[in-house]
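# Secondary and tertiary structure notes
So you can see what is in the structure, the chains are spelled out below.
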Number of protein chains: 2
Amino acid sequence: MARLNSRNKTPILLSDGCVFFGGVVAAVFVVWGFWSFIAPFPAKNANFQSVTSKLKSLKGPDGALSCASSTRGPDLRHDAPEKTFYDDPEMGYSLDNPMKNWDDKRKEWLSLHPSFIQGLQERILIVTGSQPFPCQNPIGDHLLLRFFKNKVDYCRVHGYNIFYNNVLLHPKMETYWSKYPMIKAAMLAHPEAEWIWWVDSDAMFTDMDFKLPLRRYKDHNLMIQGWPTLIQEEKSSMGLNAGVFLIRNCQWSLDFMDVWTSMGPQSPDYKKWGEIQRNTFKDKNYPESDDQAGLAYLIGEEKEKWGNKIYLETEYAFSGYWENLVGTFENISEKYNEVEREETRLRRRHAEMVSESYGAARVAKLKDASWKRPFITHFTGCQPCNGNHDERYSGDACWDGMKKALNFADNQVLRNYGFVHPDLLDNSVSPTPFDYPA
Amino acid sequence: MARLNSRNKTPILLSDGCVFFGGVVAAVFVVWGFWSFIAPFPAKNANFQSVTSKLKSLKGPDGALSCASSTRGPDLRHDAPEKTFYDDPEMGYSLDNPMKNWDDKRKEWLSLHPSFIQGLQERILIVTGSQPFPCQNPIGDHLLLRFFKNKVDYCRVHGYNIFYNNVLLHPKMETYWSKYPMIKAAMLAHPEAEWIWWVDSDAMFTDMDFKLPLRRYKDHNLMIQGWPTLIQEEKSSMGLNAGVFLIRNCQWSLDFMDVWTSMGPQSPDYKKWGEIQRNTFKDKNYPESDDQAGLAYLIGEEKEKWGNKIYLETEYAFSGYWENLVGTFENISEKYNEVEREETRLRRRHAEMVSESYGAARVAKLKDASWKRPFITHFTGCQPCNGNHDERYSGDACWDGMKKALNFADNQVLRNYGFVHPDLLDNSVSPTPFDYPA
């Protein structure tokens with residue numbers, strides 16, 4: 001998949017899309033670390049030469065990387081003086097500015113900022129956001145605030161960064177289309193992030209323990225919850241959920257988003273795509289082209305072109321549908337308590353920053369249980385901000401479902417601070433006894 | 001200040017409060033690192049022994065710490081099996097549970113989690129929060145959402161963690177008193193954080209570049225904006241601002257908060273303290289004891305007991321008063337642009353995660369300017385959530401001031417994503433040209 005051609009003018013080739021990028025960079029650094037002592041780097045490129053000498057200076061007399069430099073975690077305090085894509089006057093962050101050779105540019109940036117290489121493959125930036133003005137629904141912004149708090153809680157425990165945006169980066173790309181300009185800008189502003197994880201403002205983490213099985217997606221560039229049969233055979237645009245997805249920070253993704261957003265409201269083909277989507281998907285009942293049907297179209301109709309880099313996840317609730325879930329939260333809480341009463345190591349108190357090991361043990365213990373916490377609960381059909389909702393349920397069912405889910409998630413966080421909501425529909429809390437769950 | 005007594009049963013003593021804690025732990029580790037090869041640790045304490053052998057196992061044949069372990073930044077994935085204060089059934093997180101010997105307990109936890117020692121002295125957890133239910137002011141929650149986004153932006157750039165709480169941890173401690181149970185719980189849940197930084201929900205970062213000069217506070221445990229003359233001579237409870245402060249995670253702070261909160265609504269002396277505060281401070285015009293007047297009292301009247309560990313900061317806007325500031329933001333933006341047009345290295349584009357170096361250069365360049373961005377702007381007198389405000393200005397002055405400040409701050413963030421609000425009172429944005437500011 002990735003070839004390392006050491007004798008060529010272009011020493012690093014990524015021949016097969018951009019997957020395994022982090023691995024390649026890491027491998028390159030191991031090779032460079034070795035090379036810098038046995039042979040000089042080809043002198044074609046001044047930047048690469050200076051990187052090689054920088055790497056040399058990081059090494060001790062035994063050739064091992066010095067602890068004092070690149071292995072202390074990302075160095076936020078230093079930018080390399082060498083020119084990168086940021087110094088190119090043609091480079092722009094907006095969707096209208098084409099970006100070419102992003103993989104090489106990103107790789108060069110990383111080589112100049114080696115402190116970001118350790119942990120690269122697992123580095124995720126969560127991107128989310130909402131409209132620039134207050135919600136029409138009187139409870140809307142309060143819910144959005146709590147949804148955001150929930151995401152920040154998840155990020156703190158797992159060491160992820162998060163960017164909340166509430167401006168419209170492209171004036172014509174509103175509502176569900178607004179995320180793509182944000183994602184592109186985030187990719188270019190964050191070359192250190194291997195993945196951008198879009199999470200809608202009305203989706204929340206309801207299992208704070210669960211971590212994405214990234215290894216499963218190592219050959220893919222886009223991961224989303226979806227069912228191929230529903231999309232391809234039953235021609236349903238509801239066969240996936242475009243409100244939560246993981247997209248690799250690479251050229252393939254930029255190219256794919258160019259194609260995907262060519263169905264959007266800023267495109268001259270917007271109307272045409274609305275018709276195509278409506279003709280393709282039986283369950284699409286409005287004329288405007290939307291991003292979810294657009295993605296379903298590309299997966300269903302252009303599978304050979306894009307499909308092999310798109311992973312449709314069904315094994316866990318990557319964006320679980322709230323209506324099936326919120327009624328189960330009390331029972332699930334009780335089941336988890338039962339398990340922890342048996343397995344006391346799971347209820348050992350600990351610092352919040354080391355909760356990952358307990359979370360992993362809990363996830364492993366409950367691997368085959370049928371009543372696991374859903375990883376992410378998505379309130380599809382409820383729109384907390386404008387207050388609209390599917391006719392099949394009431395607004396109160398939506399907002400109460402959200403409050404319950406928020407307290408269900410908050411209980412997993414507050415426990416590390418010694419408190420719990422005994423009732424998921426009540427915001428009040430009680431201190432937890434030492435032997436909790438008792 | 002800190003004595004290292006190697007032959008004692010208690011090998012590490014912090015004799016003078018708890019300042020310099022991180023430095024002491026780091027020093028201890030250097031000494032231990034050396035000791036572990038020349039002499040066995042006194043066998044009195046099984047925990048300390050196992051720490052010593054753990055340190056041994058981290059070392060290479062030359063005695064240097066191995067890169068593969070403790071120097072890669074905090075290890076979120078591992079909790080030490082040895083017992084710590086978390087395993088003590090008597091330990092609780094609430095204000096009612098007394099905590100003793102916190103410095104030793106925290107130090108022991110750190111010795112068992114050595115990956116958190118690197119960077120300890122600069123490690124800050126920002127704590128903030130708001131009420132559990134929607135705001136009465138229709139625009140209130142929208143503003144709180146944006147205030148929170150602003151804090152998360154600041155944390156991302158500087159590598160800090162943040163915890164937003166919206167439950168009342170003590171049912172009687174509402175409004176301004178509600179922060180103390182949160183701060184105590186955060187201290188115990190985050191032994192890896194040297195500082196807890198309380199920032200009110202209606203305060204925001206308006207200089208994303210500025211970093212706290214922590215070295216200045218190395219001998220202090222509480223840092224807050226305040227003027228000793230106003231407090232002590234003019235007897236004003238407005239001589240400080242209890243809405244933003246930095247408090248060291250140590251026993252002194254827990255003891256101090258016990259005394260401070262003994263003036264709160266959960267205390268039998270609440271009414272008495274209201275009277276004392278009102279008799280002490282000329283400008284206090286309501287009967288309830290409040291935390292700000294309480295702190296002013298402790299600083300003014302019990303100076304010899306607490307004062308030498310409290311730093312009153314006046315050199316920069318640690319919590320600048322909005323009314324004097326928001327009118328200057330357009331001018332300040334223009335001044336900054338002028339400086340950057342002259343000093344082109346300051347306007348070089350870069351990855352968001354390496355913006356600290358540009359921020360530091362900008363702060364250094366503008367050291368003596370009279371029109372600097374205020375670090376934090378606090379909307380004292382405006383209450384975005386309940387909609388109340390000081391009679392001297394209108395609600396619109398408050399909410400428009402907030403919007404302007406939020407966009408002023410957001411411009412500093414969005415720039416790294418290629419966008420800018422050309423008008424601070426308008427939420428729309430434009431892409432920035434390469435040579436920005438042009």
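These numbers were taken from a predicted model, which means no experiment stands behind them.

A separate point is the overall build of chain A. Secondary structure assignment for chain A yields 14 helices and 13 strands. In chain A, which comprises 438 residues, the proportion classed as buried is 59%. In chain A, the share of contacts with a sequence separation of at least 24, taken over all contacts with a separation of at least 6, comes to 72%. When the accessible area of chain A is evaluated, it comes to approximately 17,700 Å², of which 51% is carbon and sulfur surface.

With that settled, consider the interface of chain A and chain B. With 86 residues of chain A at the interface, the matching set in chain B holds 86 residues. Carbon and sulfur atoms supply 60% of the area buried between chain A and chain B, which totals about 7,000 Å² over both sides. Contact with chain B buries surface across chain A, with L76, R349 and Y417 of chain A losing the most and accounting together for 10% of the total. There are six salt bridges connecting chain A and chain B. Ionic pairing is found between E356 of chain A and R77 of chain B, a salt bridge with its closest N-O pair at 3.7 Å. Joining chain A to chain B, the criterion identifies 28 residue pairs in polar contact (both at pLDDT 80 or more). Listed by contribution, the elements that provide at least two residues to the side of chain A that touches chain B are α4 (140–158), β4 (161–165), α5 (179–189), α13 (355–365) and α14 (395–414) of chain A.

This paragraph deals with the pattern of salt bridges. Residue and element names in this part refer to chain B. In this structure the tally under the stated criterion is 62 salt bridges over all chains. Note that R106 and E194 form a salt bridge whose closest N and O atoms lie 3.0 Å from each other. Here R106, found in helix α3 (residues 102–112), pairs with E194, found in the loop between α5 (179–189) and β5 (195–199); they are 88 residues apart in sequence, far enough to count as distant. Residue R106 is classed as buried on the basis of its relative accessible area, which comes to 0%. For E340, the salt bridge identified is with R415, shortest N-O distance 2.6 Å. Residue E340 is located in helix α12 (residues 329–342), and its partner R415 is located in the loop between α14 (395–414) and β12 (419–420); the two are separated by 75 residues in the primary sequence. Take E340 and R415: they sit in the same class, and that class is buried.

Before going further, it helps to spend a moment on the environment of L425 of chain B. All names here are of chain B. Along the polypeptide, L425 turns up in the loop between β12 and β13 (430–431). Of the residues examined, L425 reaches a relative accessible area of 46% and is grouped as partly exposed. L425 sits 280 residues away from L145 along the chain, and the two C-alpha atoms are 17 Å apart. Residues contacting L425, with those up to four places away along its chain left out, are D400, K403, K404 and N407.

Residues and elements named next belong to chain B. A complete count under the given rule lists four disulfides over all chains for this structure. Covalently, C135 is tied to C385 through a disulfide, its sulfur atoms 2.1 Å apart. Around the S-S axis, the bridge from C135 to C385 shows a dihedral of about -100° and counts as left-handed. Here C135 is found in the loop between β3 (124–129) and α4 (140–158), whereas its partner C385 is found in the loop between β11 (376–378) and α14, with 250 residues between them in sequence. For C135, a relative accessible area of 10% translates into the label buried.

What follows deals with the side chain of N241 of chain B. Residues and elements named next belong to chain B. As for its position among the elements, N241 is in strand β8 (residues 240–248). Residue N241 is classed as buried on the basis of its relative accessible area of 11%. Within the structure, the side chain of N241 is placed 3.3 Å from the side chain of S319, a separation counted as a polar contact. Of the polar contacts made by the side chain of N241, one reaches the side chain of H378; its length is 2.7 Å. Other than its neighbours up to four places away in sequence, N241 contacts I224, Q225, Q292, S319, H378 and T380.

Turning our eyes to something else, we now look at the relation of the copies chain A and chain B. The two copies are related by a screw motion: chain A maps onto chain B through a turn of 180° and a shift of 0.0 Å along the axis, at an RMSD of 0.0 Å. In the structure described here, the two chain copies are related by an operation that fits a two-fold rotation axis. Same-surface contact between copies: 100% of interface residues of chain A are shared with the interface of chain B.

Here we take up the pairing of β5 of chain B. Residue and element names in this part refer to chain B. Counting buried residues along β5, five of its five residues qualify, which places the element largely inside the surrounding structure. Burial of the side chains of β5 extends over both faces: W195, W197 and V199 are buried on one face and I196 and W198 on the other. Pairing of β3 with β5 involves four bridges; the strand directions are parallel. Paired with I126 across the strands is W197, a residue of β5. Of the strand pairs in this sheet, β5 and β8 are connected by five bridges, and their pairing is antiparallel. Looking at the pairing, V199 lines up with V244 of β8.

A few words now on helix α13 (residues 355–365) of chain B. Buried within α13 of chain B are the following residues: S355, E356, Y358, G359, A361 and R362 of chain B. Buried residues along α13 of chain B sit against α4 and α12 of chain B.

Residue and element names in this part refer to chain B. Judged by pairing direction, the sheet is mixed, and its six strands sit side by side in the order β4-β3-β5-β8-β7-β9 without closing on themselves. Every interior strand has two partners, whereas the edge strands, β4 (161–165) and β9 (310–313), have only one. Pairs of neighbouring strands in the sheet enclose a mean axial angle of 25°, with direction left out of account. Sheet analysis places β3 next to β4, joined by five bridges and oriented parallel. Bridging across to β4, I126 finds its partner in I162. Strands in contact with α4 are β3, β4 and β5; relative to β4, the strand with the most contacts, it is inclined by about 160°.

Residues and elements named next belong to chain A. Summarising the model, chain A shows a mean pLDDT of 87, and 84% of its residues fall at 70 or more. This model gives residues 1–16 a pLDDT under 50, and the stretch forms 28 contacts once residues within four places in sequence are excluded. The complex model carries a pTM of 0.88, and its ipTM stands at 0.87.

As enumerated under the stated definition, the model contains 71 aromatic pairs over all chains in all. Ring centres 6.2 Å apart and planes at 10° place the aromatic pair Y180 of chain B and F245 of chain B in the stacked group. On the criterion of sequence distance, the pair formed by Y180 of chain B in helix α5 and F245 of chain B in strand β8 is long-range, its members being 65 residues apart. By relative accessible area, which is 0% here, F245 of chain B ends up buried. Grouped by ring-pair contacts, the aromatic residues Y154, Y160, W197, F205, F210, Y316, F318 and F375 of chain A constitute a single cluster.

Before going further, it helps to spend a moment on the packing of α4 of chain A against α14 of chain A. The relative placement of two packed helices is expressed as an angle between their axes plus a distance between the axes. All names here are of chain A. Between α4 and α14, the least distance of the axes is 11 Å, while the angle of their chain directions is 25°. Classified by the angle their axes make, α4 and α14 are roughly parallel. Considering the relative orientation of α4 and α14, their crossing is left-handed. Listed contacts from α14 to L143, R146, F147, K149, N150, D153 and R156 of α4 are W399, M402, K403, L406, N407, A409, D410 and V413. Class assignment of the residues belonging to the contact of α4 with α14 gives a composition of seven nonpolar, two polar and six charged.

The next point concerns the environment of V420 of chain A. Residues and elements named next belong to chain A. Mapped onto the elements, V420 comes out in strand β12 (residues 419–420). What makes V420 buried here is its relative accessible area of 10%. Counting along the chain gives 111 residues from V420 to K309, while the straight-line C-alpha distance between them is 42 Å.

Residue and element names in this part refer to chain A. Taken across its eleven residues, helix α9 (residues 291–301) has nine buried, putting it largely inside the fold. The complete set of buried residues in α9 reads D291, Q292, A293, G294, L295, A296, Y297, L298 and I299. Sitting at the head of α9, D290 places a side-chain oxygen 3.0 Å from the backbone nitrogen of Q292.

Relative orientation of the contacting elements α4 of chain A and α4 of chain B amounts to 20°, with a least axis distance of 8 Å. Between α4 of chain A and α4 of chain B, the interaxial angle falls into the category roughly parallel. In this structure, α4 of chain A crosses over α4 of chain B, and the sense of that crossing is left-handed. Touching D141, H142, L144, L145, F148, K149 and V152 of chain A of α4 of chain A are D141, H142, L144, L145, F148, K149 and V152 of chain B, all from α4 of chain B. Of the residues assigned to the contact of α4 of chain A with α4 of chain B, the class counts are eight nonpolar, two polar and four charged.

What counts and how
- Residues numbered from 1 in each chain as written.
- Chains lettered and ligands numbered in written order.
- Predicted model: local features only at pLDDT ≥ 70, side-chain atom pairs only at ≥ 80, totals over all residues.
- Heavy atoms only, no water.
- Helix = DSSP H or I, 4+ residues; strand = E, 2+ residues; numbered from the N terminus.
- Buried < 20%, exposed > 50% of the residue type's maximum accessible area, 1.4 Å probe, protein only.
- Contact = heavy atoms within 4.5 Å.
- Areas by Shrake-Rupley, 256 points an atom, 1.4 Å probe, with all protein chains shown as cover.
- Buried area = accessible area lost by both parts, 1.4 Å probe.
- Salt bridge = Lys/Arg side-chain N within 4 Å of Asp/Glu carboxyl O.
- Polar contact = N/O pair within 3.5 Å; in protein donor to acceptor, adjacent residues only side chain to side chain.
- Disulfide = S-S within 2.5 Å.
- Least-squares fit on C-alpha atoms with pLDDT ≥ 70 in both.
- Pairing = 2+ DSSP bridges.
- Axes fitted to C-alpha atoms, helices over the stretch in contact; angles between N-to-C directions.
- pLDDT = per-residue confidence, 0-100.
- Phe/Tyr/Trp six-rings, centres within 6.5 Å; stacked < 30°, edge-to-face > 60°.
- Parallel < 35°, antiparallel > 145°, perpendicular 65-115°, else oblique.
- Left-handed = near helix turned anticlockwise from the far one by under 90°.
- Nonpolar A, V, L, I, M, F, W, Y, C, P; charged D, E, K, R; others polar.

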